[in-house]
Each structure stands twice: as C-alpha cells, then as structure tokens.
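Examining the three-dimensional arrangement
Next come the chains, spelled out residue by residue.
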Amino acid sequence: MAYCVRDRLPQITAMENCTHTFLIRDPAKTVPSLFRASNTERTGWSWFDEAEAGFDELVALHAAVASTSERVAVVDADDLLANPAHIMAAYCAMVGLPYTEEMLQWKPRQPGEWDVWDGWHDAAAASTGFAPPRERPARQERHTEEVARC
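Each chain carries its own residue numbering, running from 1 in the written order of its sequence. Local features in a predicted model are, by the rule used here, given only for residues with pLDDT of at least 70; side-chain atom pairs are given and counted only at 80 or more, and totals for whole chains, interfaces and linings are based on all residues. Computation of side-chain values covers all heavy atoms of the structure but excludes hydrogens and water.

What to know about the overall build of the protein
- Looking only at helices and strands, one finds seven helices and four strands in the protein.
- Segments assigned H or I by DSSP are reported as helices when at least four residues long, segments assigned E as strands when at least two residues long, and all are numbered from the N terminus. Ordered by position from N to C terminus, the α and β elements of the protein give α-β-α-β-β-α-β-α-α-α-α.
- Across the 150 residues that make up the protein, the buried fraction comes to 27%.
- Contacts are residue-level and defined by heavy atoms, with any inter-residue pair within 4.5 Å sufficient. Contacts in the protein between residues at least 24 apart in sequence constitute 63% of all its contacts with a sequence separation of at least 6.
- If you sum the accessible surface of the protein, you get close to 10,500 Å²; carbon and sulfur atoms cover 55% of it. The buried label goes to any residue with under 20% of its type's maximum accessible area, the exposed label to any with over 50%, and the partly exposed label to all in between, with areas taken from a 1.4 Å probe on protein chains only. Per-residue accessibility takes into account occlusion by the displayed protein chains alone, with areas from the Shrake-Rupley method and a 1.4 Å probe.

This is the structure we're talking about:
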C-alpha cells in the first residue's frame, strides 16, 4: 500500500532501468474491502484508519515516478480480471518481458512474507489464477465518516 512508502520517494524515483507499475482498483471497491479487513477477528484488527487507504501517497508516488521515469505502467485490476491474457500480454510487451500462458495460473501458496499480515491475503493465497471477482450480494456496509472521507 502506498502509505508504506511515503518516506521513500527519493529512493523509489532513483531506481533506474525499471518500469514502475501501479496496480489500481476502484476506490468504491477498495475502501469497503479495507474497512471490512480492518474490522475482523481474522486479521486481529478492530479499527479503520483512513490514512492507510493511501490515496494521497499513491498520487504523490505516481507523480514522482512519472516525472523521473520514461516508463510507468498503470494496470486497472478490473481490466486485469476481466481479460487477464490480453492485459498480461500488453503489460509484458510494455516492460520487455516474454508473455506466456503460464502467467495466468499458479499453485495456491502463502508466501512467508505474508505471515505477519494473517488474514489479509487469504483469498490471494488460495487463488490459482485470475478470475472475475465474485459478485457480492448487496448489503448495507457499516460505513463511517472515515470511510466517506477516503
């Protein structure tokens, strides 16, 4: 999340010979998802901090990278999930990597780096490939003023 790098912009923009990539998601989906994960026994959290949504830092990070780099990729998560082969092929072409169909599937696993974030990555750890997001039944979210301000 972008708020984690707010104090590292000089180091990030100094990276040469790389393509900075931003995987973005509609805030109307991101914020309620973050709110739910921030208020569940599974993650051990019981609060929502609007600053952790990181939108201000994301804008600053993109501006800093775009001003110092010739190549910046922005991938919309909805586009990736709707047409993974097309988006991955286009992304690989942009960054100079060979595209293979094997990129679209993987074995489920929980990287050790995620252990400290128990509960936050369960769906990603269990996934085996790109798939359209599950339709969630309409329900009344427990939104607060903090969520609305994001």
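Read on, since the account is not over.
Quick word on the packing of aromatic side chains
- In summary, the pairing rule links any two rings of Phe, Tyr or Trp, Trp by its six-membered ring, whose centres are within 6.5 Å, and it sorts them by plane angle into stacked for under 30 degrees, edge-to-face for over 60 and tilted for everything else. For the coordinates displayed, the defined rule picks out one aromatic pair.
- An angle of 90° between the planes, with centres 5.1 Å apart, marks the rings of W106 and F130 as edge-to-face. With a gap of 24 residues between them, W106 in the loop between α5 (84-95) and α6 (122-126) and F130 in the loop between α6 and α7 (145-149) connect regions that are remote in the sequence.
- With a relative accessible area of 32%, W106 lands in the partly exposed category.

Details of the pattern of salt bridges
- For this document, the term salt bridge refers to a Lys or Arg side-chain nitrogen within 4 Å of an Asp or Glu carboxyl oxygen. Scanning the model with the defined rule gives one salt bridge in all.
- Between K29 and D78 there is a salt bridge whose closest N-O contact spans 3.0 Å. In this pair, K29 is assigned in helix α2 (residues 27-37) and D78 in helix α4 (residues 77-82), connecting sequence segments 49 residues apart.
- For K29, a relative accessible area of 35% gives the class partly exposed.

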